[in-house]
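# Examination of the molecular architecture
Residues per chain are reported as follows:
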Amino acid sequence: MSASQETCPFCEKEFGSEETVVIGKKGADGINNASDKRGDNIIVAPKTRVHKSCRANYINQNYIDSHKKTNQLECTPSVVKRSARVSVGPYDSSTDCLYCGNKIVKFEFGVKNDDYGCVKTDCFADTILSICKTRADEWAFTIQGRVQYYGGDLHAADCLYHRSCDINFRTLRDIPKQHRVGPSENKRSRKLGRPSDTDQEEAFFRMCAFFEDNDEEQLSITDLANKMEEYLHE
């Protein structure tokens, strides 16, 4: 570059009325050294014309250090733990119930707790979203938000749930009393339709959960009948 160029190599603006200076060899060396420290590609030669203020800022060590810190922050990937926040607090798919949001005790003394299950199929989310549309209440709105937060891939998110919460949600009932954070806001003053046998419904959904957890086992009709009988009389 020479003193005849029309723009400042730093700000790339025309000189105008702002004070300028034509640098010598020592000045060019200082600018090129600062460019190397900054990781820039600005290279100047003696007799290059620059804005005086631009040059002063560019070779200032404090500005150089600030520039390097900014570049480091921009190049450092941020690690953010995904957590879907709901009205009652933060929700973690790997430790909390999908429905009530409370912590799940997975194991006690090495024995699997039969009170909870984990999502194992891709169609689970579709079924839950369909029930959300049917319920159309505040609880459904919360669950729908959690499902959508994970893009519907609850299996990949290692989602857990209480069996009792799953049954109540599917049968259009409230959150089970033992898992309620506060008083239920979804009570209906009058139930519509034909009264249902809640014991049979609960046994049926527990059987569905049993199928999901034991989908690789070969079960006979007798085994299934005995299991259903067991659930009905608990």
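Up top is the structure these notes are about.
Residues numbered from 1 in each chain as written. Predicted model: local features only at pLDDT ≥ 70, side-chain atom pairs only at ≥ 80, totals over all residues. Heavy atoms only, no water.

### Observations concerning the pattern of salt bridges
In total, this model carries five salt bridges according to the counting rule given. Across the pair aspartate 96 and lysine 103 runs a salt bridge whose closest N-O atoms are separated by 3.2 Å. Classification of lysine 103 as exposed rests on a relative accessible area of 59%. Its salt-bridge partner being aspartate 137, residue arginine 135 comes within 3.0 Å of it at the nearest N-O pair. The same class applies to arginine 135 as to aspartate 137, namely buried. (Salt bridge = Lys/Arg side-chain N within 4 Å of Asp/Glu carboxyl O. Buried < 20%, exposed > 50% of the residue type's maximum accessible area, 1.4 Å probe, protein only.)

### Side note on the packing of helix H1 (residues 25-38) against helix H2 (residues 52-59)
Any two packed helices are characterised by how steeply their axes cross, that is the angle between the axes, and by the distance between the axes. At a minimum axis separation of 9 Å, H1 and H2 run at an interaxial angle of 50 degrees. Taken together, H1 and H2 sit at an angle that is classed as oblique. When the axes of H1 and H2 are compared, the crossing they make is left-handed. Contacts from Gly27, Gly30, Ile31, Ala34, Ser35 and Arg38 in H1 reach Arg55, Asn57, Tyr58 and Ile59 in H2. Taken together, the residues of the contact of H1 with H2 break down into four nonpolar, four polar and two charged. (Axes fitted to C-alpha atoms, helices over the stretch in contact; angles between N-to-C directions. Helix = DSSP H or I, 4+ residues; strand = E, 2+ residues; numbered from the N terminus. Parallel < 35°, antiparallel > 145°, perpendicular 65-115°, else oblique. Left-handed = near helix turned anticlockwise from the far one by under 90°. Contact = heavy atoms within 4.5 Å. Nonpolar A, V, L, I, M, F, W, Y, C, P; charged D, E, K, R; others polar.)

Remember, this is a structural readout, not a statement about activity or role.
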